[in-house]
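These are the residues of each chain, in order.
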Protein chains: 2
Amino acid sequence: MAKEIERKFLVRDDAWKSNVTSETRIRQAYICAESDRSVRIRTKNDETALVTLKFGTDLLVRDEFEYSIPIDDAREMIGIADGHVIDKTRYTVDFAGFTWEIDVFAGHHRGLVIAEVEMQSETDDPKLPAWLGREVTGDKRYSNQALATQRSRPGLVHAL
Amino acid sequence: MAKEIERKFLVRDDAWKSNVTSETRIRQAYICAESDRSVRIRTKNDETALVTLKFGTDLLVRDEFEYSIPIDDAREMIGIADGHVIDKTRYTVDFAGFTWEIDVFAGHHRGLVIAEVEMQSETDDPKLPAWLGREVTGDKRYSNQALATQRSRPGLVHAL
């Protein structure tokens, strides 16, 4: 079991693109998504796949259990799942001792870009890059779960 | 992905006990349980554990994906899960070329005994042992999902 502690921001501009250290195409869908738990299927580069079970209502810290599964199983389950599939490319950028993940959404949420930093403890205080926009930590509208289950575009992407 | 095809019965008497070939203590809980999907955590003999994702509304044939997970993770998730935990001992009995599983429930559903036979195809026609009671295939009240989520005892155990 891993604790997940993260801060999440909108992204102001493309300055982060010059420091990308990795790039991963992600497709994911939720098998279930309730207020206090979710089960998610994710594929990476259409090569590897994970099932992730998350518990807890605290948006900053949650219990998370994650297991590798066969890619063919994942493809089939994503095809079955309700809600639309989230399709995004995740870039990583190192900044001041922390690794930032920048998710550039395609498909249904095209235009949305979200940056996340994962912390080791709640007292970690990562320095914030200049390309960040408004912080959306705890804003449920930007949770992957909300993005996967809401039917319309968030319409929030411009509110930096 | 495995297809699950099974018939399910109540059990009339204890005659099956003289032919038991295996015995497994099972504890399980549902992470989510909707009409067309469920995610279940199960431990066997408190030694091994599985996460199982099932899809489809047909009670006879369902898509099922199952993965081994660490026993400590399973214990923790069963502790978090809603609904009561199903606690039962599963015995296997071979009869006329088919393996029957007899679930003897403890805890909340003490007194309930259910026999299941798994078939290779829907056209298989297993011979029925004399110790079977009423068939309950397709009776949602006897699904593990219903037994895990309903708050009161089924009260149906005597209706053989």
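Right above here is the structure, for reference.
The present account deals with the structure reproduced in this document. (Residues numbered from 1 in each chain as written. Chains lettered and ligands numbered in written order. Predicted model: local features only at pLDDT ≥ 70, side-chain atom pairs only at ≥ 80, totals over all residues.)

**Remarks on the interface of chain A and chain B**
Part 1 of the reasoning: At the junction of the two partners, chain A supplies 15 residues and chain B supplies 16 residues.
Part 2 of the reasoning: Elements with a minimum of two residues in the side of chain A that touches chain B: strand 2 (20-34), strand 3 (37-44), strand 4 (48-55), strand 5 (61-69) and helix 1 (71-80) of chain A.
Part 3 of the reasoning: Looking at the side of chain A that touches chain B element by element, the count peaks at 4 residues for helix 1 of chain A.
Part 4 of the reasoning: Here the side of chain A that touches chain B is built from residues that sort into 11 nonpolar, no polar and 4 charged. (Contact = placed C-beta atoms within 7 Å. Helix = DSSP H or I, 4+ residues; strand = E, 2+ residues; numbered from the N terminus. Nonpolar A, V, L, I, M, F, W, Y, C, P; charged D, E, K, R; others polar.)

**Section: helix 1 (residues 71-80) of chain B**
Residues and elements named next belong to chain B.
Part 1 of the reasoning: By the burial criterion, the buried members of helix 1 are Ala 74, Met 77 and Ile 78. Buried residues along helix 1 cover an arc of 100 degrees about the axis, so they all sit on one side. What points out from helix 1, more than 90 degrees from its buried face, is the exposed set Asp 72 and Gly 79. (Buried ≥ 20, exposed ≤ 12 C-beta atoms within 10 Å, placed from the backbone. Arc of directions from axis to C-beta.)

**Details of the nonpolar core**
Part 1 of the reasoning: If you look at the biggest cluster of nonpolar residues, it comprises 38 residues, and the most contacted ones within it are A:Ile31, A:Val39, A:Ile41, B:Ile31, B:Val39 and B:Ile41.
Part 2 of the reasoning: Residues in contact with B:Val39, not counting those within four places in the same chain, are A:Ile31, A:Cys32, A:Val39, B:Tyr30, B:Ile31, B:Cys32, B:Val51 and B:Leu53. (Core = buried A, V, L, I, M, F, W, Y, C linked by C-beta atoms within 7 Å.)

**Some details on the environment of B:Glu47**
Part 1 of the reasoning: Inspection of the secondary structure puts B:Glu47 in the loop between strand 3 (37-44) and strand 4 (48-55).
Part 2 of the reasoning: Here B:Glu47 falls in the exposed class, since 9 other C-beta atoms lie within 10 Å of it.

**Some remarks on the relation of the copies chain A and chain B**
Part 1 of the reasoning: Laying chain A over chain B is done by rotating through 180 degrees and shifting 0.0 Å along the axis; what remains is an RMSD of 0.0 Å. A rotation of that kind, with that shift, is consistent with a two-fold axis. Relative to the rotation axis, the C-alpha of A:Cys32 is the closest in chain A, positioned 3.3 Å from it.
Part 2 of the reasoning: Most of the interface of chain A is mirrored in chain B: 100% of its interface residues are interface residues there too. (Least-squares fit on C-alpha atoms with pLDDT ≥ 70 in both.)

Purely geometric stuff here, so don't read any function into it on its own.
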